[in-house]
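One letter stands for each residue in the lines below.
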Amino acid sequence: MARIRSVKPEFWDSPDTARASLRCRLFYIAMWNWADDWGIGDANAGRLVSFAFPNDDDISAADYPTLRREVSECYGVDFYEVAGRQFYAIPTWETHQRTEKKARRSNPGPEDADTPGNTRESNRPTLSGGLSDTQPRIPARGKGEVGSGKGEVGSKDLSVSDARTSNVEAAFNDAYDHWPKKTEKKQALEQFKIAARRIDIETLDLHIQRFGHAYAATTSKQFTPALGVWLKHERWTDDLPTAPEQDRKPTRTEQNLDFVAQLAREEEMMQKGITT
């Protein structure tokens, strides 16, 4: 639930604000309202952007990665992940926000993050490949060590890869729940992993949810594409599906009702002709 927050006069002429774009400044203030009494908020792209820009059609979840990067660089906001969910923490919260009676803490803090080290956006690993300088790397092993044989992999070496795979699969399962046609899930997961290399995972999740709801409202399951096929052809770039035009023939019941209405109109006209 959003909360009332205060903005100090020093905010407007601070060096941090001077470096930030107008969108970034507004987004940062919205993050104060969105955060709990401990300066921690849910960093889900769709919900956060919708809260910050509810009346701006030109700003969507697709802009979230840019906004997230800028508030991290300009204001030092920490973004991190806990159990597959995204959160953010405002490091200067206690300095600028005074809460007399704090609500019970419900969101995990940066200390609970799944990955160690600096959790700011500029230092987090990306799905497109590569590890940051602060991300643990696979250690080299000598002879005789566990997992040193050809084709073998030690359990510790898989920690980074497994975490990334787990995050992708969690995001996929969340998106798949919103797709009306439940078929070929394994193929859909593979296509989701491929798509996640080209597009931000949260944005992809949001696209799937939007199109899934649109298909459910306008298209029968028979004509709804399987999610794997939809992902393979990058159909998140298409226009949202709409209901077909009403070009069908009237049913027998509708024809009968029209006939009865026509008889009633003719009778009314005859009565008017007699009285006149």
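Each remark here, short or long, concerns the structure printed above.
This one's a predicted model, so the numbers in the text were calculated from it and none came from an experiment.

Participant: Before we move on, could you go through unusual backbone geometry and cite the residues and values that matter?
Facilitator: A positive phi angle, near 55 degrees, is found at Ala83, a position not held by glycine. Along the chain, the position of Ala83 falls in the loop between strand 2 (78-82) and strand 3 (85-89). Judged by relative accessible area, Ala83 falls into the exposed class, the value being 71%.

Participant: Account for the packing of aromatic side chains, naming residues and giving values.
Facilitator: To describe a pair of aromatic rings, one takes the distance between the centres and the angle between the planes. Applying the stated criterion to the full structure yields 18 aromatic pairs. Put simply, the rings of Phe11, Trp12, Tyr28, Trp32 and Tyr75 touch in pairs and so form one group of aromatic residues. Across from the ring centre of Phe79, 6.0 Å away, lies the NZ or CZ of Arg68, which sits over that ring. Lying across the ring of Tyr176, Lys182 places its NZ or CZ 4.8 Å from the centre.

Participant: So what about helix 8 (residues 201-218)? Which residues, and what values?
Facilitator: Taking 1.5 Å of rise per residue, the 18 residues of helix 8 would be expected to cover 26 Å, and the 26 Å separating its terminal C-alpha atoms lies within 8% of that figure. All of the buried residues along helix 8 are Ile201, Glu202, Thr203, Leu204, Asp205, His207, Ile208, Gln209, Phe211, Gly212, Ala214 and Tyr215. Residue Asp200 occupies the N-cap position of helix 8, its side-chain oxygen lying 3.1 Å from the main-chain nitrogen of Glu202.

Participant: Got a sec to walk through the packing of helix 2 (residues 22-34) against helix 3 (residues 45-52)? Specific residues and values, please.
Facilitator: For the pair helix 2 and helix 3, interaxial distance at closest approach is 9 Å and the crossing angle is 110 degrees. Considering the angle they form, helix 2 stands roughly perpendicular to helix 3. Touching Phe27, Ala30, Met31, Asn33 and Trp34 of helix 2 are Arg47, Leu48, Phe51 and Ala52, all from helix 3. Residues belonging to the contact of helix 2 with helix 3 are distributed by class as follows: seven nonpolar, one polar and one charged.

Participant: So what's going on with the pairing of strand 3? Which residues, and what values?
Facilitator: The buried fraction of strand 3 is high, at four of five residues. The pairing of strand 1 (residues 40-42) with strand 3 spans three bridges and is classified as antiparallel. Paired with Asp42 across the bridge in strand 3 is Phe87. Both strand 2 and strand 3 contribute to a ladder of five bridges, which runs antiparallel. Note on strand 3: the bridge partner recorded for Glu81 is Gln86. Where strand 2 hands over to strand 3, the hairpin turn is made up of two residues, of which Ala83 adopts a positive phi near 55 degrees.

Participant: Can you tell me about the nonpolar core, naming the residues and giving the values?
Facilitator: Core analysis: the biggest nonpolar cluster contains 28 residues, and Phe27 and Tyr88 have the highest contact counts within it. Mapped by element, the contributors of at least two residues to this core are helix 2, helix 3 and helix 4 (64-75). Broken down by element, this core gets its largest block of residues, seven residues, from helix 2. By size, the runner-up hydrophobic cluster in this structure holds 20 residues, among which are Ala188, Ala195, Leu204 and Trp236.

Participant: Any chance you could break down the pattern of salt bridges for me, citing the residues and the numbers?
Facilitator: The final tally for this structure, using the stated rule, is eleven salt bridges. The partner of Asp37 in a salt bridge is Arg5, with the nearest N and O atoms 3.1 Å apart. Taken together, the positions of Asp37 in the loop between helix 2 and strand 1 and Arg5 in the segment before helix 1 (15-19) put the pair 32 residues apart, joining distant regions of the chain. Of the two residues examined, Asp37 and Arg5, each falls in the buried class.

So, how was this worked out
- The written sequence of each chain sets the order in which its residues are numbered from 1.
- Local features are withheld for residues below a pLDDT of 70 in this predicted model, meaning they are given only at 70 or higher, and side-chain atom pairs are given and counted only at 80 or more; totals for whole chains, interfaces and linings count all residues.
- Only hydrogens and water are set aside; all other atoms, that is, all heavy atoms of the structure, feed into the side-chain values.
- Starting at the N terminus, helices and strands are each numbered in turn, a helix being any DSSP run of H or I of at least four residues and a strand any DSSP run of E of at least two.
- Each residue is placed in one exposure class: buried if its accessible area under a 1.4 Å probe, protein chains only, is under 20% of its type's maximum, exposed if it is over 50%, and partly exposed if it falls in between.
- Only Phe, Tyr and Trp rings are paired, with Trp represented by its six-membered ring, and only when their centres lie within 6.5 Å; those with planes under 30 degrees apart are stacked, over 60 edge-to-face, the remainder tilted.
- Charge-over-ring placement is defined geometrically: NZ (Lys) or CZ (Arg) within 6 Å of the ring centre, and within 35 degrees of the ring normal.
- Here the expected length of a helix is defined as 1.5 Å per residue gap, with one fewer gap than residues.
- N or O atoms closer than or at 3.5 Å make up a polar contact, with two conditions inside protein: a donor-capable atom paired with an acceptor-capable one, and, for residues adjacent in sequence, both atoms drawn from side chains.
- For helices, the fitted line uses only the C-alpha atoms of the stretch in contact; every axis is such a line through C-alpha atoms, and the angle between N-to-C directions lies from 0 to 180 degrees.
- Angular relationships are summarised with four words: roughly parallel below 35 degrees, roughly antiparallel beyond 145, roughly perpendicular across 65 to 115, and oblique for the angles in between.
- The contact definition used throughout considers only heavy atoms, calling two residues in contact when any of these lie within 4.5 Å.
- Note on residue categories: nonpolar means Ala, Val, Leu, Ile, Met, Phe, Trp, Tyr, Cys or Pro, charged means Asp, Glu, Lys or Arg, and polar means any other residue, Gly included.
- By definition, two strands form a pair when at least two bridges between them are found by DSSP.
- Put simply, a nonpolar core is a bunch of buried Ala, Val, Leu, Ile, Met, Phe, Trp, Tyr and Cys residues held in one set by side-chain atoms that sit within 4.5 Å of each other.
- By salt bridge we mean one thing: a side-chain nitrogen of Lys or Arg within 4 Å of a carboxyl oxygen of Asp or Glu.

Everything listed here is a matter of geometry and, on its own, says nothing about what the molecule does.
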